[in-house]
Amino acid sequence: MRHLITLTDVTTTEIETIFAISQDLKTKLAEGVREPLLPGRMMALLFEKPSLRTRVSFESGMTHLGGGSLVLGDDAGFGKRESIADFTRVLSEMVDVIVVRSKKHQTVVDVAQYASCAVINGLTDLAHPCQALADLYTLKEHFGELKGLKFAWVGDGNNVARSLARGCAKLGVEFAIATPKGYELDDELFAELKQTCPGAKFSATHDAKTAVKGAAAIYTDVWASMGQEAEQNQRKADFAAYQVNGDLMRAAPKDAVFMHCLPARRGEEVTDEVMDSHQSIVVPQAGNRMHVQKGILVWLLGRA
Ligand code: CP
Ligand code: NVA
């Protein structure tokens, strides 16, 4: 049984396959064709944290493919009424795929361990693989080719940054990250990527302008992720020099794009000026969540 828990679960070739399926389905949808590649397949979604994009993109995508979906709310009692093992074993008797957004990464790992169906990580504290795949697909769509591009992350070394670092390493994109001191991605991740993706290029700095120099994409995310609300004020102070604003965008090439996984806190990590600029591709980027997750679902379930 294959799962998508982090991007270590997919090879470069498999990512390219997912992108090709996504592209095909996106083109067909634009022509009004919704190919039912997964008729009768059922997807259950579990959310321990809020979601707009992940929930709707998975639900709409599965409907386009001829399958069904079920968001399990609090009343299902995930993690409360019975053990995660019992819950998962029973659920996977009845559905073909489970999407989980959990507070702790270990929860998704546990679900995958007990499930007899496919499991997809819909965001944890450590990873957001579906987001990273959609982001890299969006970059490819915009620039035509990924290899040789430089990608700049400005802000927190968080779950999304971690998945993007891995995705960039797998697809030949140089990954540059600028964070305040104390918010870096861990050295173990870079050491592992060096080993598993020989030739991968990455750099880490505390200077935002250094990271965006020569970059094709400037990416940021909220300074306090879901679950870190208590640190909001401290982080606002620590990240003040890492706002993506007009001044920072001018330090990047003119044809660079601005990306954000959303939701954004306008006026904090990014200004209105940048969010609403001609360089911003945040809306089609969010839209691609659905197209790429359709690719992931077909890749995971279609070959059974
Ligand atoms: N980017 C993202 O995952 O958005 P949601 O939290 O709305 O799902
Ligand atoms: N880093 C953010 C991403 C939201 C999609 C969070 O975890 O809240």
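Residues numbered from 1 in each chain as written. Chains lettered and ligands numbered in written order. Predicted model: local features only at pLDDT ≥ 70, side-chain atom pairs only at ≥ 80, totals over all residues. Heavy atoms only, no water.

(A) Main features of the site of ligand 1. Taken together, Pro50, Ser51, Leu52, Arg53, Thr54, Arg101, His128, Gln131, Cys261, Leu262 and Arg289 make up the full set of residues near ligand 1. Between leucine 52 and ligand 1, the recorded distance is 2.7 Å, taken from a backbone N or O atom to an oxygen atom. Contacts to ligand 1 include arginine 53, whose side-chain N or O atom sits 2.8 Å from an oxygen atom. A total of 250 Å² of accessible area belongs to ligand 1 in isolation, and the protein chains cover 96% of it. Among the residues forming the shell around ligand 1, the class breakdown is 4 nonpolar, 4 polar and 3 charged. (Near = heavy atom within 4 Å. Polar contact = N/O pair within 3.5 Å; in protein donor to acceptor, adjacent residues only side chain to side chain. Areas by Shrake-Rupley, 256 points an atom, 1.4 Å probe, with all protein chains shown as cover. Nonpolar A, V, L, I, M, F, W, Y, C, P; charged D, E, K, R; others polar.)

(B) The arrangement of the sheet that holds strand E1 (residues 42–47) in detail. The 4 strands lie next to each other as E2-E1-E3-E4, forming an open sheet whose pairing is parallel. Strands with a single pairing partner mark the edges of an open sheet, and in this sheet they are strand E2 (68–72) and strand E4 (118–121). Neighbour-to-neighbour, the strand axes of this sheet turn through a mean angle of 20°, independent of strand direction. With 4 bridges connecting them, strand E3 (residues 97–101) and E4 associate as parallel partners. Note that in E4 the partner of valine 97 across the bridge is alanine 118. (Pairing = 2+ DSSP bridges. Helix = DSSP H or I, 4+ residues; strand = E, 2+ residues; numbered from the N terminus. Axes fitted to C-alpha atoms, helices over the stretch in contact; angles between N-to-C directions.)

(C) Highlighting the state of the cysteines. Per the stated rule, a full pass over the model turns up 0 disulfides. Here cysteine 117 stays unpaired: no disulfide links it, and the sulfur of cysteine 130, its closest cysteine neighbor, is 15 Å away. Looking at cysteine 261, it has no disulfide partner, and the nearest cysteine sulfur is the one in cysteine 130, 13 Å off. With relative accessibility at 7%, the residue cysteine 261 sits in the buried group. (Disulfide = S-S within 2.5 Å. Buried < 20%, exposed > 50% of the residue type's maximum accessible area, 1.4 Å probe, protein only.)

(D) Layout of helix H2 (residues 53–64). Over its 12 residues, H2 runs 16 Å from end to end, which matches the ideal 16 Å to within 8%, given 1.5 Å per residue. Of the residues making up H2, those classed as buried are Thr54, Ser57, Phe58, Glu59, Gly61, Met62 and His64. Looking one or two residues beyond H2, the residue adopting positive phi is glycine 66, at roughly 90°. (Expected span 1.5 Å × (residues − 1).)

(E) Spatial organisation of the pairing of strand E7 (residues 202–205). Where strand E6 (residues 174–178) and E7 come together, 4 bridges link them in parallel fashion. Note that in E7 the partner of alanine 178 across the bridge is threonine 205. For the segment spanning E6, helix H7 (residues 187–196) and E7, crossover handedness is right-handed. (Right-handed = clockwise from strand over helix to strand, strands pointing away.)

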